[in-house]
Amino acid sequence: MSTLVVAALVAAAVAWLLISTNDLFYRISPLPWTGAGVLAVLAVAEAYLAQNTSARIQRKPGSLPVHALSVARFAALAKASSLVGALSGGFTAGLLVWLLLEPTDEAASSVPVAVTTLVAAVALIGAALWLERACRVPEDPDRRDDRSDPPAAAY
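Residues numbered from 1 in each chain as written. Predicted model: local features only at pLDDT ≥ 70, side-chain atom pairs only at ≥ 80, totals over all residues. Heavy atoms only, no water.

Visitor: Got a sec to walk through the overall build of the chain? Specific residues and values, please.
Guide: Check the secondary structure of the chain and you find 5 helices and 0 strands. For the chain, the sequential pattern of α-helices and β-strands runs α-α-α-α-α. Long-range contacts, defined here as pairs at least 24 residues apart, represent 84% of the contacts in the chain between residues at least 6 apart. When the accessible surface of the chain is totalled, it reaches about 10,100 Å², and 66% of it is carbon and sulfur. (Helix = DSSP H or I, 4+ residues; strand = E, 2+ residues; numbered from the N terminus. Contact = heavy atoms within 4.5 Å. Areas by Shrake-Rupley, 256 points an atom, 1.4 Å probe, with all protein chains shown as cover.)

Visitor: Describe the pattern of salt bridges, and please don't skip the residues or the numbers.
Guide: In this structure the tally under the stated criterion is 1 salt bridge. For Lys79, the salt bridge goes to Glu132, with nearest N and O atoms at 3.1 Å. On the criterion of sequence distance, the pair formed by Lys79 in helix 4 (residues 68-101) and Glu132 in helix 5 (residues 105-134) is long-range, its members being 53 residues apart. Residue Lys79 is classed as exposed on the basis of its relative accessible area, which comes to 52%. (Salt bridge = Lys/Arg side-chain N within 4 Å of Asp/Glu carboxyl O. Buried < 20%, exposed > 50% of the residue type's maximum accessible area, 1.4 Å probe, protein only.)

Visitor: Outline the packing of helix 3 (residues 34-57) against helix 4, listing residues and values.
Guide: Running from N to C, helix 3 and helix 4 point in directions that differ by 150°, and their axes come no closer than 11 Å. Taken together, the axes of helix 3 and helix 4 are roughly antiparallel relative to one another. In this structure, helix 3 crosses over helix 4, and the sense of that crossing is left-handed. Where helix 3 abuts helix 4, its residues Leu39, Glu46, Leu49, Thr53 and Ile57 lie against Val71, Phe74, Leu77, Ala78, Ser81 and Ser88. For the contact of helix 3 with helix 4, the class distribution of residues is 7 nonpolar, 3 polar and 1 charged. (Axes fitted to C-alpha atoms, helices over the stretch in contact; angles between N-to-C directions. Parallel < 35°, antiparallel > 145°, perpendicular 65-115°, else oblique. Left-handed = near helix turned anticlockwise from the far one by under 90°. Nonpolar A, V, L, I, M, F, W, Y, C, P; charged D, E, K, R; others polar.)

Visitor: Can you break down the nonpolar core residue by residue, with the values?
Guide: Residues Ile19, Phe25, Leu31, Leu95, Leu96, Trp98, Leu99, Ala107, Val111, Val113 and Ala114 constitute the largest nonpolar core, which totals 11 residues. Secondary-structure elements contributing two or more residues to this core are helix 4 and helix 5. What Leu99 contacts, discounting residues up to four positions off in sequence, is Phe25, Leu31, Ala107, Ser110, Val111 and Ala114. Within the second largest apolar cluster, 9 residues are counted, among which are Leu49, Phe74, Ala78 and Cys135. (Core = buried A, V, L, I, M, F, W, Y, C linked by side-chain atoms within 4.5 Å.)

Visitor: Provide a residue-level description of the environment of Trp98, including the pertinent values.
Guide: Examined against the element boundaries, Trp98 turns out to sit in helix 4. Take Trp98: its relative accessible area is 7%, and that puts it in the buried class. A C-alpha to C-alpha distance of 8.9 Å links Trp98 and Ala15, two positions 83 residues apart in sequence.

Visitor: Hey, could you go over unusual backbone geometry for me, with residue numbers and the actual values?
Guide: For Arg59, which is not a glycine, the phi torsion comes out positive at approximately 55°. Counting through the fold element by element, Arg59 comes out in the loop between helix 3 and helix 4. Here Arg59 falls in the exposed class, since its relative accessible area comes to 73%.

Visitor: Mind laying out the environment of Pro112, listing which residues take part and the relevant values?
Guide: When you line up the elements, Pro112 lands in helix 5. Between the alpha carbons of Pro112 and Leu96 there is a distance of 9.3 Å; along the sequence they are 16 residues apart.

Visitor: Summarise helix 5; cite the residues concerned and give the values.
Guide: In this model helix 5 runs 44 Å from its N-terminal to its C-terminal C-alpha over 30 residues, within 8% of the 44 Å that 1.5 Å per residue would give. Its maximal kink placed at Val111, helix 5 deviates by approximately 35°, while the proline Pro112 follows within four residues. (Expected span 1.5 Å × (residues − 1). Bend = angle between axes of the 7 residues up to and from the residue.)

The following block contains the structure:
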């Protein structure tokens, strides 16, 4: 989790520096909606995958068994997606702060796109973390924990 926070903060700083020093915003303006759309679609897909994988791992009635290699792939997807979400969200947050401080109409018209992209990035992070958690093997309640009765210390 700390990796995601650091990645988001670094991306926000990079966005702020790029936008404020190079007037990059005015060369790419207006902001496209495609980033928000892609992040939102990924978030919905991973949330569905997390719910489905969790049910399959817990062997809920009506769910098919899951292959171990699939779970490993889902966990890798979740790790990568959470990092992409953190980088996208951080960059968008840095851009959004700059847009809110910029007094032009062009900047004000891009605020809804930036807010939507930020929300989609946060949703992707949440869905990816949920998928990562869904890939964990549940504890077996019948298995006796060997650590419950530690051996007596030898003096």
